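Observations on the model geometry
These are the residues of each chain, in order.
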Amino acid sequence: MKTSHRAEPARPTATHHTPPSRWHGVGHLAVHLLTPLLMCLGMALAYQGAFHQPEPHHLKVAVVGTTTPDQVLAQTLKDRAGDALDVTTLPDRQSAEQQLHSRDLVGAYVPDAEHPELLIAKANSDTSAMAAEAVFQTVAGHQGVPLTVTDVAPLAAGDPTGQGIFFLLVTISIGSYASVAVLGTAGAALGMRVRALAGLATSLVVSAIGIATAGPVFHVVDHHQVAVWALAWLYSAGIIAIGTGLHAFLKRWTTLTMMALFVMLNFTTSGGIYRPELQNGFFGALHGFWNGAGFVEGARSILYFDGGAGLGGRVLSLVLWLVAGLALLVAAGVHERRQRTAAAAATTGPTAEAGPDELTEDQLQEDEAVAV
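Here is a short report on the structure shown in this document. Every chain is numbered independently, its residues counted from 1 as its sequence is written. Local features in a predicted model are, by the rule used here, given only for residues with pLDDT of at least 70; side-chain atom pairs are given and counted only at 80 or more, and totals for whole chains, interfaces and linings are based on all residues. No hydrogens and no water enter the side-chain calculation; it runs on all heavy atoms of the structure.

**Describing the overall build of the chain**
Comment: elements are numbered from the N terminus, with helices defined as DSSP H or I runs of at least four residues and strands as E runs of at least two. For the chain, the count of helices and strands is 12 helices and five strands. For the exposure calls, accessible area comes from a 1.4 Å probe over protein chains only, and a residue counts as buried if that area is under 20% of its type's maximum, exposed if over 50%, partly exposed in between. Across the 372 residues in the chain, those meeting the buried criterion constitute 44%. The contact criterion used throughout is that any non-hydrogen atoms of two residues lie within 4.5 Å. Sequence-distant contacts in the chain: of pairs separated by 6 or more residues, those separated by 24 or more amount to 76%. Only the protein chains shown count as cover for residues, and all accessible areas are computed by the Shrake-Rupley method using a 1.4 Å probe. If you sum the accessible surface of the chain, you get close to 19,700 Å²; carbon and sulfur atoms cover 64% of it.

As structure tokens, this is what we get:
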């Protein structure tokens, strides 16, 4: 009699995974903490460096008058102030008002034995106007007479300090660079062209939210709202295009880079709080071409100076930032296509792909940075 033996199924071999060492976990944590710590350092250097000690640097003022005492007063101010003031003389009040409206002057002093007057344009910069007022209050004080201050470019009723445009800039900036993190992570599976179109649509929404709140809600922008919205869209589209393009190369470091470009260096050089005449040379130099300054100064020109006072140059700067973003998008698209081609051509070993844990960490880090 034959006995049959059935083969038992093979039991799976137990695998043992070596847990990561404690030091490995600490090192992993330290790498991820590097981003917020660098943000902290960058914000401290940028904001304190730009705002901690506002002092006049080549503050442009004028003495109105052609008499010898007027010339002596202008020369005395220039000699005593040094580099703090750029003092000129003007023949009459009309010339002073014209230069204030063209934003070539911060203040113009009209001497008088009993009723001296200072002409300012708060819409150009409230803090710069205050600095000019402090200078000529001292002059009038030495004469023992009160100083009359006349504002030739008054601000909107909803923006008495003139800083509402700066806070509109903050609104649009945060909406723009936060959208970059979402486009780079949630949109990672989409092609660059689709992400670029999504970024364009997002910039339209971000700028619309900004002008809707600054206009009908808070009355910071009480006229020329369409023109200011167009400026806001140019600004937002440039940031989103640059960020989306950078993400293809920088990955998890994109958020830190965006904060450095469009928060640390951007808000501090925009002129929304202090214009270059009250800042040191570094931040003053960036004010000439940075995109935040393009928006703030462009909006001021539209709202308070009849579209003059350098508006064309500010619009051009925003267009160039957008062009730089479009160039980055093209370069990023080429880079991603090359990566896909190289991955498809690989014949040895399985294609290495980022696991879900790694993607989650990248998303988590960028989400936390956005929250900051």
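Alright, that's what it looks like, and here's the rest.
**A look at the packing of helix 7 (residues 225-250) against helix 8 (residues 254-269)**
Only the stretch in contact is used when a helix axis is fitted, and all axes are lines through C-alpha atoms; the angle between N-to-C directions ranges over 0 to 180 degrees. Where helix 7 meets helix 8, the closest approach of the two axes is 9 Å, and the angle between their N-to-C directions is 150 degrees. Considering only the axes of helix 7 and helix 8, their crossing is right-handed. Of the residues in helix 8, those touching helix 7 at Tyr235, Ile239, Ile242, Gly243, Leu246, His247 and Leu250 are Thr254, Thr257, Met258, Leu261, Phe262 and Asn266. The handedness criterion is simple: a crossing whose near helix is rotated anticlockwise from the far helix by less than a right angle is left-handed, and one whose near helix is rotated clockwise is right-handed.

**Considering the packing of aromatic side chains**
In summary, the pairing rule links any two rings of Phe, Tyr or Trp, Trp by its six-membered ring, whose centres are within 6.5 Å, and it sorts them by plane angle into stacked for under 30 degrees, edge-to-face for over 60 and tilted for everything else. Counted under the stated rule, the structure contains 10 aromatic pairs. Consider the rings of Phe166 and Phe267, whose centres lie 6.0 Å apart with planes at 80 degrees: the pair is edge-to-face. Taken together, the residues span a long stretch of sequence, with Phe166 in helix 5 (residues 164-185) and Phe267 in helix 8 at a distance of 101 residues. The rings of Phe262, Phe289, Trp290 and Trp321 are connected pair by pair, giving a single aromatic cluster.

**As for the sheet that holds strand 1 (residues 59-64)**
Paired strands are those between which DSSP finds at least two bridges. Reading across from one edge, 2-1-3-4-5 is the order of the five strands in this open sheet, with mixed pairing throughout. Edge positions in the sheet fall to strand 2 (85-90) and strand 5 (148-151), since each has one partner strand and no second. Recorded for the sheet is a direction-independent mean angle of 25 degrees between the axes of neighbouring strands. Examined bridge by bridge, strand 1 and strand 2 share six bridges and lie parallel to one another. Bridge pairing in strand 2 links Val61 to Val87. In this fold helix 2 (residues 68-81) packs onto strand 1, strand 2 and strand 3 (107-110), with an angle of close to 170 degrees to the strand it touches most, strand 2.

**Here's the deal with a nonpolar patch on the surface**
Note that patches include only residues with greater than 30% relative accessible area and no salt bridge, and the join distances are 9 Å for like charges and 5 Å for nonpolar side chains (Val, Leu, Ile, Met, Phe, Trp, Tyr). The working definition used for a salt bridge is a side-chain nitrogen of Lys or Arg within 4 Å of a carboxyl oxygen of Asp or Glu. On the surface, Leu34, Leu38, Leu41, Leu45, Phe249, Leu250 and Trp253 cluster together to form a nonpolar patch covering roughly 610 Å² of accessible area. Mapped onto the nonpolar patch, the elements with two or more residues apiece are helix 1 (22-51) and helix 7. The biggest single contributor to the nonpolar patch is helix 1, with four residues. Inspection of the secondary structure assignment puts Trp253 in the loop between helix 7 and helix 8.

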